[in-house]
Amino acid sequence: MAAKSSSHPVTLIPGDGIGPEVVNAVKEVLAAAEVPIVWEERYAGAEVFKKGVGSGVLPETVESIRRTKCALKGPLETPVGYGEKSANVTLRKYFETYGNIRPVRELPGIRTPYSGRGIDFVVVRENVEDLYAGIEYLQTPGVAQALKIVTRKGSEKICRLAFELARAEGRKKVTCATKANILKITEGLFKRVFEEVSKDYPEIASDHQIVDNCAHQMVMRPEQFDVVVMTNMNGDILSDLASALIGGLGFAPSANLGEDAAIFEAVHGSAPQIAGKDMANPTALLSSAVLMLRHLGELKAAQTVENALLVTMEEGKVLTADMAGGGREPSGTKAYAKEVIKNLGAAPKSFPRREHKLLKMPVVSHAPTLVKAADRRPMGVDVFVETDMSPGVLGPKIEAAVRGLPLKLAQISNRGAKVYPNELGVESDPVDCARLRFKMTREGDALTDAVVMEVLSRVSSYAVWVHVEKLNKFDGQPAFTKDAGED
Ligand code: NAP
């Protein structure tokens with residue numbers, strides 16, 4: 001078919017396992033709906049890894065997405081024993097698709113323990129920061145560490161996106177779920193930024209839940225949610241939980257949104273057990289295609305395809321294996337897609353329609369954000385060391401070693417708990433990585449780099465230093481957490 005002048009170029013990645021089957025279903029349905037799309041088929045995933053491309057993504061795939069700014073993607077197998085990393089994560093990072101959007105809505109004809117409760121919310125997950133920045137170290141052969149990166153800029157982008165989404169979909173409330181009660185600096189920053197951003201959206205209610213309670217609430221009373229915004233790992237876990245509420249992986253769509261590109265995909269993976277058997281449920285990818293059509297401004301086409309999909313589920317005449325049961329015979333992926341095509345133009349009886357406006361991507365400054373403190377004071381230094389000495393033996397040696405310097409050993413901690421001096425006689429089971437916390441002897445004095453170097457040199461006589469962190473005060477506020485047991 002010749003491309004219409006207003007056609008949208010979209011990069012299409014068939015993916016692995018059931019990917020090509022569900023992608024084909026989407027192509028057929030969108031062609032039948034006469035949606036003006038020109039597909040550019042490109043490759044990523046298992047076959048690309050096997051060709052020796054360590055990222056799992058071919059350069060021509062990256063080039064295509066850079067040009068089309070929009071991709072529909074089948075699932076990509078994550079390599080076990082070959083390749084370097086997840087091709088999904090690579091794509092996310094290439095295109096800084098920082099916003100992961102996962103709608104969770106009760107579907108007609110899909111029976112779950114929650115049927116009839118009107119579940120209808122969207123999980124908005126930060127998609128590039130947090131523990132998924134993937135910065136990990138073995139501090140010692142037996143002590144692993146990952147850095148949880150939460151930035152003011154990244155938090156602002158995702159929180160604004162959550163409120164913009166609420167506006168585009170006429171939703172009334174945004175809930176922020178964090179672990180700020182324990183992770184006061186990282187999750188605390190996310191919560192604070194959420195509270196600041198919420199002031200720019202006075203017509204939308206906002207609230208906060210501790211994320212473990214949020215998990216509990218999602219299972220107990222999911223109908224209370226409208227939009228839920230979270231940092232990466234919390235969002236990863238709770239969005240999978242949420243998809244189980246409406247029927248499972250076969251039904252869960254997602255959008256990965258960035259400023260320069262958007263990638264739409266089902267939440268599920270390549271399901272190798274059912275690959276090539278015409279058994280996969282294409283609903284999740286079809287619903288992802290509906291999100292893509294809205295993103296492209298094809299609001300009417302999105303409604304037509306979504307309606308056809310809803311009618312197919314509502315009538316339940318043709319079902320894939322994961323929907324069948326209770327005496328109902330399953331059909332295949334191809335038959336299901338044909339039924340959706342047959343239903344193009346029909347509207348569901350039992351599914352309240354939601355008006356969608358175009359989602360406005362938030363504009364946040366591109367300047368590398370230096371959030372400046374008027375007063376910045378390094379007041380000490382933490383030196384992490386590898387040692388098998390007991391704190392009671394190591395402590396006095398380090399105290400003696402730094403004598404004469406303008407700082408002193410304030411304490412030693414192990415896995416975040418103070419173990420020296422141990423005035424309270426706290427029982428602990430230390431590992432071979434200890435933190436030596438040094439503070440300036442005279443309050444108000446600032447630490448210099450030369451003193452840090454000297455500390456490292458002197459500490460090295462007793463233990464191997466593995467990691468150093470400055471203890472700053474920004475505008476009079478400590479920029480670090482206290483140990484359990486620290487005054
Ligand atoms: P999975 O592929 O999502 O499959 C888990 C199970 O869910 C399947 O065995 C199947 O259950 C069911 N299922 C998933 N999608 C379905 C569909 N469309 N229709 C019907 N049933 C469906 O998860 P996994 O087995 O953990 O992962 C397999 C591979 O996919 C891994 O390499 C993983 O890294 C990758 N993965 C990729 C993505 C992505 O590209 N975004 C996401 C997740 C996982 P039954 O066996 O009961 O039929």
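Our subject in this report is the structure included herewith. (Residues numbered from 1 in each chain as written. Predicted model: local features only at pLDDT ≥ 70, side-chain atom pairs only at ≥ 80, totals over all residues. Heavy atoms only, no water.)

A count of helical and extended segments in the chain gives 13 helices and 18 strands. Across the 487 residues in the chain, those meeting the buried criterion constitute 51%. Sequence separation of 24 or more characterises 76% of the internal contacts of the chain that already satisfy a separation of 6 or more. Total accessible area on the chain is roughly 22,600 Å²; 54% of this is exposed by carbon and sulfur atoms. Placing the 61 positive and 62 negative side-chain charges of the chain at their respective mean positions leaves the two points 3 Å apart. (Helix = DSSP H or I, 4+ residues; strand = E, 2+ residues; numbered from the N terminus. Buried < 20%, exposed > 50% of the residue type's maximum accessible area, 1.4 Å probe, protein only. Contact = heavy atoms within 4.5 Å. Areas by Shrake-Rupley, 256 points an atom, 1.4 Å probe, with all protein chains shown as cover. Lys, Arg positive; Asp, Glu negative; His and termini not counted. Charge placed at Lys NZ, Arg CZ, Asp CG, Glu CD.)

We now examine the sheet that holds strand β18 (residues 477-478). Sheet architecture is open: 6 strands sit in the order β15-β14-β16-β13-β17-β18, paired in antiparallel fashion. Of all strands in the sheet, those with a lone pairing partner are β15 (417-420) and β18, marking the two edges. As paired elements, strand β14 (residues 407-414) and β15 share 3 bridges and run antiparallel to each other. Paired with S413 across the bridge in β15 is K418. (Pairing = 2+ DSSP bridges.)

Our next topic: the state of the cysteines. Inspection of every chain in the model, using the stated rule, returns 0 disulfides. The thiol sulfur of C176 is not disulfide-bonded, and the nearest other cysteine sulfur, from C159, lies at 5.6 Å. (Disulfide = S-S within 2.5 Å.)

Strand order in the open sheet formed by 10 strands is β2-β1-β3-β12-β11-β4-β5-β10-β8-β9, with mixed pairing between adjacent strands. The two strands at the open ends of the sheet, each matched to only one other strand, are β2 (37-41) and β9 (205-210). Pairwise comparison of adjacent strand axes, ignoring direction, gives a mean angle of 25° for this sheet. Here strand β8 (residues 173-178) runs beside β9; their pairing, made up of 6 bridges, is parallel. By the bridge assignment, T178 is partnered in β9 with I210. Of the strands in this sheet, β4 (99-105), β5 (120-126), β8, β9 and β10 (227-230) touch helix α5 (residues 152-168), which is tilted by about 160° from β5. Most of the contacts of helix α8 (residues 232-245) go to β5, to which it runs at about 155°, and overall it touches β4, β5, β8 and β10. (Axes fitted to C-alpha atoms, helices over the stretch in contact; angles between N-to-C directions.)

Now for the site of the ligand. As a matter of local geometry, the ligand sits amid 20 residues, with L76, T78, G269, A271 and N281 nearest to it. A distance of 2.7 Å separates an oxygen atom of the ligand from a polar side-chain atom of T78. One of the backbone N or O atoms of S270 is found 3.0 Å from an oxygen atom in the ligand. Summarising the interface, the protein chains cover 64% of the accessible area of the ligand, which totals 870 Å² for the free molecule. Residues belonging to the shell around the ligand are distributed by class as follows: 9 nonpolar, 7 polar and 4 charged. (Near = heavy atom within 4 Å. Polar contact = N/O pair within 3.5 Å; in protein donor to acceptor, adjacent residues only side chain to side chain. Nonpolar A, V, L, I, M, F, W, Y, C, P; charged D, E, K, R; others polar.)

Next up on the list: the environment of K349. As for its position among the elements, K349 is in the loop between α11 (333-342) and β13 (376-386). Sequence-wise, K349 and E315 are 34 residues apart; in three dimensions their C-alpha atoms are separated by 9.8 Å.

This part is about the pattern of salt bridges. For the coordinates displayed, the defined rule picks out 35 salt bridges. The salt bridge involving K179 is made with D212; its shortest N-O contact spans 3.1 Å. Here K179, found in the loop between β8 and α6 (186-198), pairs with D212, found in helix α7 (residues 211-220); they are 33 residues apart in sequence, far enough to count as distant. For E306, the salt bridge is made with R294, and the minimal N-O distance between the two is 3.0 Å. Pair noted here: E306 is in helix α10 (residues 299-315) and R294 is in helix α9 (residues 283-295), with a separation of 12 residues, a long-range link. (Salt bridge = Lys/Arg side-chain N within 4 Å of Asp/Glu carboxyl O.)

Counting across every chain of the model gives 4 aromatic pairs. Members of the aromatic cluster, each reached through a chain of ring pairs, are F163, F194 and Y201. (Phe/Tyr/Trp six-rings, centres within 6.5 Å; stacked < 30°, edge-to-face > 60°.)

These figures capture arrangement, not role.
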